[in-house]
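# Structural overview for review
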Amino acid sequence: MRVFKFGGASVKDANGVKNLVRVLQEVGYSDTFLVVSAMGKMTNAMENVVEAYFEDKDKVSNALQEVLEYHNAILVDLFENKNHPIYAKVKALFEEVKGFLAWNKSPKYSFVYDQVVGYGELISTTIVSAYLNEVGIPNVWQDVRELIKTDSSYRDARVNWERTQKEVNEKVDVTKLNISQGFLGSDDNNFTTTLGREGSDYTAAILAYCLNADSVTIWKDVPGVLNADPRTFKETQLLDHVSYREAIELAFYGASVIHPKTLQPLQRKEIPLHVKSFIDPSGNGTKVAKGQGISPEIPCFIVKKNQVLLKLSSLDFSFIVENNISEIFKLFHDHRMKVDLIQNSAISFSVCLDNKFGGLPSMLEELKRKFKVVCHENVSLYTIRHFNDDALKSFQNGRTVLVEQRGRETVQLVVK
C-alpha cells in the first residue's frame, strides 16, 4: 500500500487535475490511497466565508459565490456534459455549507471554522474522484471524517489513534484506489475537526500508519526538500536524503515542505517519506527515512514570518525563576501561543511566539500586570541548520538582529 498526497497547488485548475491523472498513469495507482487538498487557495477563500459570517453576514453570500464560481470553472473544463452528476454533487455540498451557516447557533469561531473550511477538501476530492472515473481510473471516495477520529480541539485536533485504526480497518478496501481529504477529522459528536493549517501531510501519515503502508509520497511544485524556501531565498539546493531525526528538526524549526506532525507516525513504523515533483514525476526527489543526517550536508535556511518577540522583565528587578516561568507558560497555553524560541537571563525572559490564534492582545493585558513587557510584532525568526561562518555572515548583512541564539549545529536569529 502506498499513500500519495497532492496539495492545493497540484489541483489548482483543470490542467492540474489532468496532470494528477498523468502522474498516476506514469507511476502507477494500484494499492494506492490518495489524499487531496482543497484546490488552489480555496482554504483561504473558505476562511473568508467564516470571517464574513462573524463580521458582516451580508457578505457571506458573495464570499461563497466566489468559491462556487471558481469550482464551476474547473468543472466546465473537465466535464463537457453539463448534465454530469458531478454538478449536482458539488451544488449539494455548497447547500450543506449554506444550511450550516443558517442554523448554526454556536458563537465559537474555531467550531464554525472547522465546520465550514473543510468543504474546500470535500469539494476538491469529489471533483477529482469523478474525473478519475471519467477517464477510466475507478476509485472509492472516502469521507476522511469517518476514518480519522479526534478530540474536540477545533482547529488543532488531536488524533484518537485507537478509534482511527479501527475505522480504517473496517472501511478501507486496500485492493482499490481510494481517494480522500486531507486536514479533516471528526469528534465524538461527529462534528468536523481540523488538524491544523497545512495538515494534509499529517493526514497522509496518519493513514499510512494505520494502513501499514510501504511509503508516503508528497507531490509538490518543487523537486523535493530544498535547503531553503525558493520563495524567500534565491539560491537553493535539493537534499537527496534526510533522516527522520533531521527532518523532524527542520519541521520543528518551520521548514514548510513538511508538516511538523507528519514525521512522528512514519518514524514509529519506519515508513519512508518521498517528496517529489508533480511537474517531473520521474525525478528522484528527496527520501526521508532511517539513516544519518542530510545529504549533501549543507546549511539549511528556514524562516518564520509574522512572529511576535516578547521581552519580559520583573518590575522589581527580582530574578525570573521557576515560579514566574511556569506562570508565563500557562498564559501561553491558555491563549494558544506557540513558542518558537526562548532566551532568559537572571532578570529577563525573551520568547518568540506564533500568534496564529490571535490571543496576543488579551495575553499582553495579563502579562503587564506582573511584568515589564516589550513587544515587537511582525518580526521574522530565521534558523540556519548546519550553519557555517560564510552562511552566517551572508545572512546577517544588513539585518537588525534582536535576539541571537546558537547551538552546536543551529543558529537562530530574530530580526526586524
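Everything below is about the structure shown above.
Because the structure is predicted, anything quoted here is derived from the model rather than measured.

Turning to the overall build of the protein chain, a few remarks are in order. Scanning the protein chain for helices and strands turns up 13 helices and 17 strands. Taking 416 residues into account, the globule formula puts the C-alpha radius of gyration at 22 Å, and the protein chain, at 23 Å, falls close to it. The dimensions of the protein chain, computed from C-alpha atoms along their principal axes, are 75 × 55 × 40 Å. For the protein chain, buried positions account for 54% of its 416 residues. Looking at the protein chain alone, contacts between residues at least 24 apart form 73% of all its contacts between residues at least 6 apart. Between the centroid of the 50 positive side chains of the protein chain and the centroid of its 52 negative side chains there is a distance of 2 Å.

Moving on to the packing of aromatic side chains. Counting across every chain of the model gives 16 aromatic pairs. Measuring from centroid to centroid gives 5.2 Å for Phe111 and Tyr154, while their planes differ by 80°, and the two rings are edge-to-face. Pair noted here: Phe111 is in helix H5 (residues 109-117) and Tyr154 is in the loop between strand E3 (140-141) and helix H7 (161-171), with a separation of 43 residues, a long-range link. You'll find Phe111 and Tyr154 in the same group, each marked buried. Pairing Trp161 with Tyr209 gives two aromatic rings, centres 5.2 Å apart and planes at 70°, and the pair type is edge-to-face. Placement of Trp161 in helix H7 and of Tyr209 in helix H8 (residues 200-211) is noted, with a sequence separation of 48 residues between them.

Attention now moves to the packing of H5 against helix H6 (residues 119-134). Axes are the key here: two packed helices are described by the angle between their axes and the distance separating the axes. Contact pair H5 / H6: the axes reach a minimum separation of 5 Å and the direction vectors enclose 10°. Considering the angle they form, H5 stands roughly parallel to H6. Residues Gln115, Val116 and Val117 of H5 form the contact with H6, whose own contacting residues are Tyr119, Gly120 and Glu121. Its residues assigned to classes, the contact of H5 with H6 comprises three nonpolar, two polar and one charged.

Counted residue by residue, strand E2 (residues 32-36) has five buried out of five residues, so it is predominantly covered. Side-chain alternation along E2 places Thr32, Leu34 and Val36 on one buried face and Phe33 and Val35 on a second face that is also buried. Where strand E1 (residues 2-6) meets E2, five bridges bridge the pair, whose relative direction is parallel. Note that in E2 the partner of Arg2 across the bridge is Thr32. Handedness of the E1-helix H1 (residues 14-27)-E2 crossover: right-handed. Relative to strand E4 (residues 178-181), E2 is paired through four bridges, and the arrangement is parallel. Along E4, the bridge assignment pairs Val36 with Gln181.

Once that is clear, we can look at unusual backbone geometry. The linkage connecting Ser295 with the following residue, Pro296, adopts the cis geometry, with an omega of -5°. Counting through the fold element by element, Pro296 comes out in the loop between strand E11 (294-295) and strand E12 (300-314). Of note in this structure, Asp31 is not a glycine but carries a positive phi near 50°. Residue placement: Asp31 occurs in the loop between H1 and E2. At Glu270, a residue that is not glycine, the phi angle is positive and equals roughly 55°. Exposure remark for Glu270: the relative accessible area of 47% places this residue in the partly exposed category.

Summed over all chains, the structure comprises one cavity of 30 Å³ or more. Considering only enclosed or pocket space, the largest cavity measures out at about 30 Å³ in volume. What lines the largest cavity is simply Phe252, Tyr253, Lys304, Lys338, Asp340, Leu381, Thr383 and Gln412. Of all the secondary-structure elements, those providing two or more residues to the lining of the largest cavity are helix H9 (244-253), strand E13 (338-344) and strand E15 (371-385). Residue composition of the lining of the largest cavity, by class: three nonpolar, two polar and three charged.

A few words now on the nonpolar core. Here is a general trend for soluble globular proteins: nonpolar side chains tend to be buried in one another's company. The biggest cluster of nonpolar side chains holds 102 residues, and the ones touching the most others in it are Leu101 and Leu132. For this core, the element with the highest residue contribution is H8, accounting for nine residues. Dropping the residues within four chain positions of it, Leu101 is found in contact with Val49, Tyr53, Val60, Leu64, Val112 and Val116. Counting residues in each nonpolar core, the second largest holds 17 residues, with Leu312, Ile320, Ile328 and Phe349 among its members.

For the rest of this paragraph, the subject is the sheet that holds strand E8 (residues 241-243). Think of a sheet as strands paired side by side through backbone hydrogen bonds, with each pair either parallel or antiparallel. Spatially, E3-E4-E2-E1-E7-E9-E10-E8-E11 is the arrangement adopted by the nine strands of the open sheet, whose pairing is mixed. Each having just a single partner strand, E3 and E11 make up the two edges of the open sheet. Examined bridge by bridge, E3 and E4 share two bridges and lie parallel to one another. Across the sheet, the residue bridging to Val140 is Asn178, located in E4. Contacting E1, E2 and strand E7 (215-220), H1 runs over the sheet at an angle of about 155° to E1. Taken strand by strand, H9 contacts E8, strand E10 (286-289) and E11, and its axis lies near 85° from that of E8.

With that settled, consider the sheet that holds strand E17 (residues 410-415). What the six strands build is an open sheet, ordered E13-E14-E12-E15-E17-E16; its pairing is antiparallel. A strand with exactly one partner marks an edge of an open sheet, and here the two such strands are E13 and strand E16 (401-406). For this sheet the average axis-to-axis angle between neighbouring strands, irrespective of direction, equals 30°. Bridge count between E13 and strand E14 (residues 348-354): six bridges; the pairing is antiparallel. Considered in E14, the bridge of Gln343 is made with Ser350. Running over the sheet, helix H12 (residues 360-368) touches E12, E14 and E15 and is turned about 125° from E15.

Criteria and thresholds
- All residue numbers here refer to positions counted from 1 along the written sequence of the relevant chain.
- This being a predicted model, a pLDDT of at least 70 is required before a residue's local features are given, and a value of 80 or more before pairs of side-chain atoms are given or counted; all residues contribute to the totals for chains, interfaces and linings.
- As a rule here, side-chain values cover all heavy atoms of the structure and leave hydrogens and water aside.
- Secondary structure counts use DSSP, requiring at least four H or I residues in a row for a helix and at least two E residues in a row for a strand, with both numbered from the N terminus.
- In this description the radius of gyration comes from C-alpha coordinates, and the expected globular size is given by 2.2 Å times residues to the power 0.38.
- Residue exposure (1.4 Å probe, protein chains only): buried if accessible area is under 20% of the type maximum, exposed if over 50%, otherwise partly exposed.
- Whether two residues touch is decided by their heavy atoms; if any such pair falls within 4.5 Å, the residues are in contact.
- Charge counting follows a simple rule: Lys and Arg are positive, Asp and Glu are negative, and His as well as the terminal groups are ignored.
- Charge positions come from single atoms, namely NZ of Lys, CZ of Arg, CG of Asp or CD of Glu.
- Stacked, tilted and edge-to-face are the three classes assigned to paired rings of Phe, Tyr and Trp, where Trp is represented by its six-membered ring and a pair needs centres within 6.5 Å; plane angles under 30 degrees give stacked, over 60 edge-to-face, the rest tilted.
- Throughout, an axis means a line fitted to C-alpha atoms (over the contacting stretch in the case of helices), and angles, computed between N-to-C directions, take values from 0 to 180 degrees.
- Any angle that is under 35 degrees is reported as roughly parallel, and any over 145 degrees as roughly antiparallel; angles of 65 to 115 degrees are reported as roughly perpendicular and all others as oblique.
- Throughout, the ten residues Ala, Val, Leu, Ile, Met, Phe, Trp, Tyr, Cys and Pro are labelled nonpolar, Asp, Glu, Lys and Arg are labelled charged, and all others, Gly among them, are labelled polar.
- Between any two strands, at least two bridges found by DSSP are needed for them to pair.
- Handedness is read with the strands pointing away from the viewer; a crossover is right-handed when the path from the first strand over the helix to the second is clockwise.
- Grid points spaced at 1 Å and placed over the protein atoms alone form the basis of the search, with a cavity being a set where a 1.4 Å probe fits but cannot get out and a pocket an open set showing protein on both sides within 12 Å along at least five of seven lines. Lining residues have an atom within 4 Å of a point.
- Grid points are joined across faces, edges and corners, and a volume is the space filled by probe spheres set on the points.
- Nonpolar core, defined: a set of buried Ala, Val, Leu, Ile, Met, Phe, Trp, Tyr and Cys residues in which side-chain atoms within 4.5 Å join the residues together.

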